[in-house]
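Examining the three-dimensional arrangement
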Amino acid sequence: MTRKPRDAMAVYVDDMKWPFKGMMMCHMLADTSEELHAMAELIGMERRWVQYPGTAKEHYDVPMSRRVIAVEAGAVEVSWRFMVTLIRSRR
């Protein structure tokens with residue numbers, strides 16, 4: 001897992017591989033909603049696809065093909081366990 005500097009904000013994609021409608025999906029979260037939506041727009045996700053908007057669990061379910069694009073754009077690859085810890089730390 002890549003670590004970020006303390007003052008840097010980040011977008012994260014996990015290593016989950018969840019089947020959905022013929023695709024394999026993962027989760028994308030960020031330190032802020034603004035960063036999350038900016039990355040989502042960059043990788044071609046529609047804002048209406050956000051899950052749990054405005055809550056500690058706010059995220060996008062992202063197909064693996066777009067996960068690759070997110071990582072190329074600077075998203076940090078993390079485990080799904082890291083995502084659980086991140087969400088819990090926000091409560």
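See the structure above.
Section: helix α3 (residues 80-90)
- Where α3 is concerned, the buried positions are Met83, Leu86 and Ile87. On an axial view of α3, the arc spanned by its buried residues comes to 95 degrees, and they lie on one face. Structural note: α3 exposes Arg81, Thr85, Arg88 and Ser89 on the side pointing more than 90 degrees away from its buried face.
- Lining the buried residues of α3 we find β1 (11-13) and β3 (23-30).

Some remarks on a nonpolar patch on the surface
- On the surface, a nonpolar cluster with roughly 340 Å² of combined accessible area is contributed by Trp18, Phe20 and Met23.
- Within the element layout of this structure, Met23 appears in strand β3.
- Judged by its relative accessible area of 35%, Met23 falls in the partly exposed class.

Overview of the side chain of His59
- Within the secondary structure layout, His59 lies in the loop between α1 (33-42) and β4 (60-63).
- From its side chain, His59 meets the backbone oxygen of Lys57 in a polar contact 2.7 Å long.
- For His59, the residues in contact, after removing those within four places along its chain, are His27, Met28, Leu29, Leu36, Val50, Gln51 and Tyr52.

Side note on the packing of aromatic side chains
- Applying the stated criterion across every chain, the model contains 1 aromatic pair.
- Geometry around Tyr52 places Lys57 over its ring, the cationic atom sitting 4.3 Å from the centre.

The rules behind the values
- Residues numbered from 1 in each chain as written.
- Predicted model: local features only at pLDDT ≥ 70, side-chain atom pairs only at ≥ 80, totals over all residues.
- Heavy atoms only, no water.
- Buried < 20%, exposed > 50% of the residue type's maximum accessible area, 1.4 Å probe, protein only.
- Helix = DSSP H or I, 4+ residues; strand = E, 2+ residues; numbered from the N terminus.
- Arc of directions from axis to C-beta.
- Contact = heavy atoms within 4.5 Å.
- Patch = residues over 30% accessible without salt bridge, like charges linked within 9 Å, V, L, I, M, F, W, Y side chains within 5 Å.
- Areas by Shrake-Rupley, 256 points an atom, 1.4 Å probe, with all protein chains shown as cover.
- Salt bridge = Lys/Arg side-chain N within 4 Å of Asp/Glu carboxyl O.
- Polar contact = N/O pair within 3.5 Å; in protein donor to acceptor, adjacent residues only side chain to side chain.
- Phe/Tyr/Trp six-rings, centres within 6.5 Å; stacked < 30°, edge-to-face > 60°.
- Lys NZ or Arg CZ within 6 Å of the ring centre and 35° of its normal.

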